[in-house]
Amino acid sequence: MAAAGRLLASATHGAISAGRSNREIYIFTQFSTSRSIPSLNRKASFRKCSIRMRVAVEDEQDPAKLARDMAAARKRWDVLIREQKVMIMTPKEAGYALQLSDTSLLDVRPSTERQKAWVKGSTWIPIFDVDNSLEFGTLSRKVSSFAMGGWWSGAPTLTYDRCFVSKVESKFPKEKDLIIVCQKGLRSIAACEQLYNAGYRNLFWVQGGLEAAEEEDFQREGPQPFKLAGIGGVSEFFGWTDQQRTVAAKEGWGYRFIYTARLLGVIVLADVLFFGAQQIGPLLKSVHLN
C-alpha cells in the first residue's frame with residue numbers, strides 16, 4: 001500500500017458504535033453477505049440485493065425481524081473490522097490522511113445532509129438519497145414516516161441507489177485508498193461492505209461520521225457545522241437537539257437567544273390566533289342574525 005496505507009494503518013480498531021436511523025437500518029441488513037462477487041455474476045447479485053431491499057421496506061413493521069437482521073448486520077460489520085478488511089479511522093485521523101497522502105474521501109450521505117456541510121474536495125455518491133417518487137407506496141411511506149416522528153426529526157424518506165457501486169467504480173479504481181464517511185457512521189460502514197464485496201481492498205471507515213468531527217478536523221464547505229448537518233424538523237427549529245445543545249454550550253447565550261426568540265414567537269402567534277378565533281365566532285354569529 002502507498003504512503004496513505006502506512007499512515008492509515010495506525011488507526012485504532014474497535015467495536016462499531018453507530019446510532020439507529022429508522023428505516024435505513026432494516027434495509028442495510030439486506031446487503032449481500034458474500035465475501036467476494038465474481039465479475040461475471042456481479043450485476044445479477046446486486047439486482048437480487050435491490051429486490052431484497054424493496055421487500056424489506058414492505059416488511060419493516062416486524063420488529064422481531066428488524067432486530068434479528070440488525071444483529072446479523074452488526075456481526076458482519078464487526079468481522080470486516082476485526083479481520084482488517086476495513087480500517088477504522090477517527091475524523092481527526094481522516095483529516096490528516098487527506099492532507100498528507102493521496103487518499104480520497106467518499107461522502108455517501110443523502111442530499112439533505114450534504115447540502116448543509118461537506119468536506120472540501122470530497123466526492124459525493126449517496127448510497128441512499130431522498131425518494132422523490134410519486135408512487136402510491138412511496139407516498140404511503142412518507143405519510144407513515146412523518147406521522148411516526150418525521151415531523152419532529154425532519155428525517156426524509158430515503159431510497160437505496162441500486163447504481164451506487166457502479167458509480168463508485170466509474171470514479172475510483174479498485175486499488176484506490178478510499179475513506180468512506182456519512183453523518184453518523186452507519187451508512188458508511190454499510191457502503192464499505194458493499195464496496196469490499198465488489199473488490200475494493202483499501203477501505204477506511206470514519207467511525208462516528210461527520211457528526212463526531214470537530215470543525216478543525218476537515219476543511220468544511222457549506223452553511224452549517226458538520227455536527228448540525230443531520231438534524232431537521234421541529235426539533236431543529238426550536239434548537240432542541242443534542243447537537244444544538246452541544247453547539248450552544250460553546251457559543252453561549254447569543255446562540256441560545258435565537259431559538260428562545262423562536263419559541264416565544266410561536267407562543268405569541270398561537271395566542272393571537274386563539275384570541276382571533278374567539279372574536280371571529282361572535283362576529284360571524286351577529287352577521288348571520290342580521
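Refer to the preceding data block for the structure.
Please read these numbers as outputs of a predicted model, since none were measured by experiment.

About the cut-offs
For every chain, the first residue of its written sequence is number 1, and the numbers climb from 1 along that sequence. With pLDDT at 70 or above as the cut-off, local features in this predicted model cover only qualifying residues; side-chain atom pairs require 80 or more to be listed or tallied, and sums for whole chains, interfaces and linings still use all residues. With hydrogens and water stripped out, all remaining heavy atoms of the structure feed into the side-chain values. Secondary structure elements follow DSSP: runs of H or I no shorter than four residues count as helices, runs of E no shorter than two count as strands, and numbering proceeds from the N terminus. Note on exposure labels: buried denotes an accessible area under 20% of the residue type's maximum, exposed denotes more than 50%, and partly exposed covers the range between, all computed with a 1.4 Å probe on protein chains only. Salt-bridge detection follows one rule: a side-chain nitrogen of Lys or Arg within 4 Å of a carboxyl oxygen of Asp or Glu. Grouping into patches uses exposed residues only, defined as over 30% relative accessible area, and leaves out salt-bridged ones; the cut-off is 9 Å for like charges and 5 Å for nonpolar side chains (Val, Leu, Ile, Met, Phe, Trp, Tyr). To measure how exposed things are, a 1.4 Å probe is used in the Shrake-Rupley method; for residues, cover is taken only from the protein chains shown. When two rings of Phe, Tyr or Trp (its six-membered ring) have centres within 6.5 Å they constitute a pair, described as stacked for plane angles under 30 degrees, edge-to-face for angles over 60, and tilted for the intermediate range. Criterion for a charge above a ring: Lys NZ or Arg CZ within 6 Å of the ring centre, and within 35 degrees of the ring normal.

### Quick notes on unusual backbone geometry
The phi torsion at Gln84 lies on the positive side, around 60°, for a residue other than glycine. In this fold, Gln84 is placed in the loop between α4 (63-82) and β1 (86-89). By relative accessible area, which is 51% here, Gln84 ends up exposed.

### Section: the pattern of salt bridges
The final tally for this structure, using the stated rule, is 12 salt bridges. Salt-bridge contacts for Glu113 lead to Arg187; the nearest nitrogen and oxygen are separated by 2.7 Å. Separated by 74 residues along the polypeptide, Glu113 in helix α6 (residues 111-114) and Arg187 in helix α9 (residues 186-197) bring together distant segments of the chain. This pair shows no difference in class: Glu113 is buried, exactly as Arg187 is. Among the ionic pairs, Glu215 bridges to Arg220, the shortest N-O distance being 2.5 Å. Overall, Glu215 belongs to the partly exposed group, its relative accessible area being 33%. The network of salt bridges with common partners includes Asp107, Arg109 and Arg114.

### Overview of a nonpolar patch on the surface
A contiguous nonpolar patch, built from Phe146, Trp151, Trp152, Trp240, Leu263, Leu264 and Ile267 and spanning about 690 Å² of accessible area, is present on the exposed surface. Counting only elements with at least two residues in the nonpolar patch, the list comes to α7 (136-153) and α12 (253-289). Following the sequence through the fold, Leu264 ends up in helix α12.

### Focus on the packing of aromatic side chains
Applying the stated criterion across every chain yields a total of 6 aromatic pairs. Through successive ring pairs, a cluster of aromatic residues spans Trp151, Trp152, Phe237, Phe238 and Trp240. Lying over the aromatic face of Tyr196, Arg201 brings its terminal NZ or CZ to 3.9 Å of the ring centre.

Limitation: the analysis is restricted to geometry and does not speak to function.
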